[in-house]
Amino acid sequence: MKQPSLSQCKKYLSALRKVKGNYVTCEKLAPILGYYPEVINDFFSYFDPIVVMDYSYNLRSLESRLEEYINEAAIAKPATPKAPKVESNESEYESVNDFIYQKMSHGGFIDKNTYLTNSDLKTLKKLITIEQNNRKNNK
């Protein structure tokens with residue numbers, strides 16, 4: 001079984017809390033979520049495998065396990081490092097020509113097979129917009 005996603009868990013938990021009553025089956029939960037009872041049982045089988053065999057299983061008893069899973073998943077989520085923003089004032093290149101000369105030429109010859117990373121393309125885009133703004137202002 002694959003692990004359920006955090007957003008999917010939150011969706012099922014909110015649906016469980018919307019249902020009134022102490023005994024909640026997959027048939028009661030199906031109209032709220034808009035899924036077939038089999039799909040709901042497959043989801044909850046990650047937390048208790050008996051759910052798939054017993055359609056009268058009380059899903060309310062799995063509410064605490066679902067909350068624990070959400071809390072653990074929120075804590076364990078690693079922070080992804082973001083690429084530094086390219087601002088027009090902080091560019092290490094003076095112009096588009098300077099960028100092409102430094103990044104795409106080797107020994108005075110332009111290398112057509114040079115691979116530009118995403119940050120290189122963002123820098124080039126900024127340099128192009130600066131160049132276009134300068135040309136508009138000079139007219």
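All of the points below concern the structure found in this document. Source: prediction; values computed, not measured.

**Quick word on the overall build of the protein chain**
Scanning the protein chain from terminus to terminus reveals six helices and two strands. When its helices and strands are written in sequence order, the protein chain yields α-α-α-α-α-β-β-α. In terms of overall size, the protein chain is more extended than a compact globule, its C-alpha atoms giving a radius of gyration of 28 Å where 139 residues would be expected to give roughly 14 Å. Going through the 139 residues of the protein chain one by one, you find that 30% of them count as buried.

**A look at helix H2 (residues 26-33)**
Turning to H2, its buried residues are Cys-26, Leu-29, Ala-30 and Leu-33. Burial along H2 is one-sided: seen end-on, the buried residues are contained in an arc of 115 degrees. Summarising the contacts, the buried residues of H2 are in contact with helix H1 (6-18) and helix H3 (37-44). Of the residues trailing H2, Gly-34 is marked for its positive phi of about 85 degrees.

Parameters at a glance
Note on numbering: residues in each chain are counted from 1, in written sequence order. Local features in a predicted model are, by the rule used here, given only for residues with pLDDT of at least 70; side-chain atom pairs are given and counted only at 80 or more, and totals for whole chains, interfaces and linings are based on all residues. Side-chain figures throughout are based on the complete set of non-hydrogen atoms in the structure, without hydrogens or water. Helix numbers and strand numbers start at the N terminus; a helix is a DSSP run of H or I with at least 4 residues, a strand a run of E with at least 2. Two things to know: the radius of gyration comes from C-alpha atoms, and the globule rule equals 2.2 Å times the number of residues to the power 0.38. Whether a residue is buried, partly exposed or exposed follows from its accessible area with a 1.4 Å probe, protein chains only, as a fraction of its type maximum: under 20%, in between, or over 50%, in that order. To obtain the arc, one takes the directions from the helix axis to the C-beta atoms. Note on contacts: a residue pair qualifies if any of its non-hydrogen atoms lie within 4.5 Å across the two residues.

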